[in-house]
Structure formats: C-alpha cells, structure tokens
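Residues per chain are reported as follows:
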Amino acid sequence: MRKQVIAGNWKMNGTIASGSILIEAFTSFLGDKDLDCEIVVCPPFTALERAVSLTKNTQVSVGAQNMDYHDAGAFTGEVSPLMLMEIGVSYVIIGHSERREYYGETDAMVNEKIKSAFFHSLQPIVCVGESLEQREANETISFIHGQLKRALQDIPADQVEKLIIAYEPIWAIGTGKTATADQAEEVCKSIREYIAELYTPNVADLVRIQYGGSVKANNAREILSEPNIDGALVGGASLIVDEFNEIIMAAQDVSK
Ligand SMILES: O=C[C@H](O)COP(=O)(O)O
C-alpha cells in the first residue's frame, strides 16, 4: 500500500522565528503518535536549517521549495542540491506552477532538476497542473500528460517509482476553489495510467500522487480517501497549526 504524504509548502511566508513556532506546534501535537503517513514541511530557504534542527528525532521531514540542478557555479541567487544536502534537507518541490509562471521554469528544467535530485538522494515532489483555460478547453489530461512526458524524459523506472507527483490545478491554488474529489481523482488516476503506459503497471502502482489546491481541514478527508490520491501538497493551510494538524490526522485515518 502506498504511504500517504502530506507536505506543507509555506511559499514565501514567515520568518525563522514564526516558522520555528509553527514547527514546534506541529511536532508537539504529533508527539509520539504512531503515524502511518509521511509529513514534510517546506519553509523558505532561510528557515531550512532551523527547521532541520527542530525536526530532528521527530516524524517530520524538511523539504526545499526549489533548487538549481547544477552542483555549483556562477548561478547568482540559486541554491544547489549539495547545499540542501549539507544542511539535512531531504525533499525538494520541483516545477511548482508559481516557479513556472513567475520564473520561466520549463519542463526541460524540471527534467534536469528531477535527475539532479535523485543523483543527490533528495526526494523530488514534482508538480503538474492545468490552467483554467486549459480545463475549460477540455485539455487538462493531454496537457498534464505532455508535462509528465517531458519532465520524465530519460528518467529510469527505478527512480520514477520513487517519485511523488503533485497534481495542482492552477485555478485551485490559493483561490479557495478546490477541485472536487471526483475531479482530482479523475486526473490523478489518469496520471497513474499514463505512468503505466510510459513505464509499467508496477511502476505506476508505486508512484505516489498528491493533490494540491486549497486543501483544508474541511475537505482533506474526502480528497485523501480517493483511491489514486496518496497525499496533499498544502499551501495556505499549512501555515495554520490546527488546519495542518487536522489534515495530517485525515491522512492518518485514511491510511488505516
Ligand atoms: O504548494 C501548494 C499549492 O500551491 C497549494 O496552495 P494552497 O493550498 O494555498 O491553495
């Protein structure tokens, strides 16, 4: 059975001090509960090192929101996988729609970043998702399959089976408009079927697919109960202790 993974993407929010308070609240809520799901927090770069130290010996792991794919060099403003490894980061979000929209990240760059993440033993969370125009033009599935095909080029099956793919419809991010559980399941199922086509049914069965886009405490359980949804990439609600705790408990309940 695939393990649910709940990741909180804090985006460009908070300070080291406010982030520390959040992490202390999550970790003390989780205490020594015997969790069947994975929990990841993805603070801004400046708070990563503190997050790693605060989550040591807890059930929470730390992820970065982005990285460059080079190890080092003249890439002003970028952070390399080696730098993330050095401070104990273990996950990295790749190809978030905000990176694609505001910073021109392409599927080719996403592909390089996935390769680099695996090379450095970072767990990639790869985001895909359609715009409202694409949904309205009935292009959702073909667009997402195209994103995946280009992102996974030359990536071997033994890596793809370890991937976490986050399906995030752009129209549902930060808008309060959530895809219905049926809409989210339809796309996540089609992603799994497409992975089976590109690789094998066994690889498709292992890959974990999250839904992201206005996931909250009050809709998490329904979304996470869908058979092809293995977790959530949570933005706004991951900054609110009670909301994030409830989403974690929803994942825990559906894992039983
Ligand atoms: O990475 C997280 C997603 O962009 C979802 O953000 P949201 O939960 O604020 O809609």
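Residues numbered from 1 in each chain as written. Predicted model: local features only at pLDDT ≥ 70, side-chain atom pairs only at ≥ 80, totals over all residues. Heavy atoms only, no water.

### As for the pairing of strand S4 (residues 91-94)
- By the alternation rule, side chains of S4 split into Tyr 91 and Ile 93 and Val 92 and Ile 94, which are all buried.
- Bridging between strand S3 (residues 60-64) and S4 involves two bridges; their strand directions are parallel. When the sheet's bridge partners are listed, Gly 63 is paired in S4 with Tyr 91.
- In this fold, the crossover linking S3 to S4 by way of helix H3 (residues 81-86) has right-handed handedness.
- The pairing of S4 with strand S5 (residues 123-128) spans four bridges and is parallel. Along S5, the bridge assignment pairs Val 92 with Pro 124. (Buried < 20%, exposed > 50% of the residue type's maximum accessible area, 1.4 Å probe, protein only. Helix = DSSP H or I, 4+ residues; strand = E, 2+ residues; numbered from the N terminus. Pairing = 2+ DSSP bridges. Right-handed = clockwise from strand over helix to strand, strands pointing away.)

### Some points on the UniProt feature "active site" (unreviewed entry) in the chain
- UniProt records the feature "active site" (unreviewed entry) for His 96 and Glu 168 in the present numbering. A maximum C-alpha distance of 8.5 Å among these annotated residues, which run over 73 residues, shows that they cluster at one spot.
- Looking at the secondary structure, you find His 96 in the loop between S4 and helix H4 (97-103).
- With residues up to four places along the chain from it excluded, the contact list for His 96 reads Asn 9, Lys 11, Cys 127, Glu 168 and Ile 173.
- By relative accessible area, which is 5% here, Glu 168 ends up buried.
- When near neighbours in sequence (up to four residues on either side) are disregarded, Glu 168 contacts His 96, Cys 127, Val 128, Gly 129, Glu 130, Ile 173, Gly 212, Gly 213 and Leu 233.
- Only 3.1 Å separates the side chain of Glu 168 from the side chain of His 96, close enough to count as a polar contact. (UniProt positions renumbered as here; feature names shortened; annotations may be inferred. Contact = heavy atoms within 4.5 Å. Polar contact = N/O pair within 3.5 Å; in protein donor to acceptor, adjacent residues only side chain to side chain.)

### A word on the side chain of His 145
- Positionally, His 145 belongs in helix H7 (residues 140-151).
- For His 145, the contacting residues outside a window of four places in its chain are Ser 190, Ile 191 and Tyr 194.

### Re the site of the ligand
- Within the structure, the ligand sits among Asn 9, Lys 11, His 96, Glu 168, Ala 172, Ile 173, Gly 174, Gly 213, Ser 214, Leu 233, Gly 235 and Gly 236.
- Within the backbone of Gly 174, one N or O atom sits 2.6 Å away from an oxygen atom of the ligand.
- Between the ligand and the protein, one listed contact pairs an oxygen atom with a backbone N or O atom of Gly 235 at 2.9 Å.
- Burial of the ligand by the protein chains amounts to 96% of its free accessible area of 300 Å².
- Here the residues of the shell around the ligand sort into three nonpolar, seven polar and two charged. (Near = heavy atom within 4 Å. Areas by Shrake-Rupley, 256 points an atom, 1.4 Å probe, with all protein chains shown as cover. Nonpolar A, V, L, I, M, F, W, Y, C, P; charged D, E, K, R; others polar.)

### Brief notes about the packing of helix H1 (residues 16-30) against helix H12 (residues 241-255)
- It is at 10 Å that the axes of H1 and H12 come closest, and there the two elements cross at 40 degrees. By the angle between their axes, H1 is oblique relative to H12. Between H1 and H12 lies a crossing of right-handed hand. Facing H1, whose interface residues are Leu 22, Ala 25, Phe 26, Phe 29 and Leu 30, H12 presents Val 241, Phe 244, Asn 245, Ile 248 and Met 249.
- Residue composition of the contact of H1 with H12, grouped by class: nine nonpolar, one polar and no charged. (Axes fitted to C-alpha atoms, helices over the stretch in contact; angles between N-to-C directions. Parallel < 35°, antiparallel > 145°, perpendicular 65-115°, else oblique. Left-handed = near helix turned anticlockwise from the far one by under 90°.)

### Structural notes on helix H9 (residues 181-198)
- Along its 18 residues, H9 runs 26 Å from first to last C-alpha, staying within 8% of the 26 Å computed at 1.5 Å per residue.
- For H9, the complete set of buried residues consists of Ala 181, Ala 184, Glu 185, Val 187, Cys 188, Ser 190, Ile 191, Arg 192, Tyr 194 and Ile 195. (Expected span 1.5 Å × (residues − 1).)

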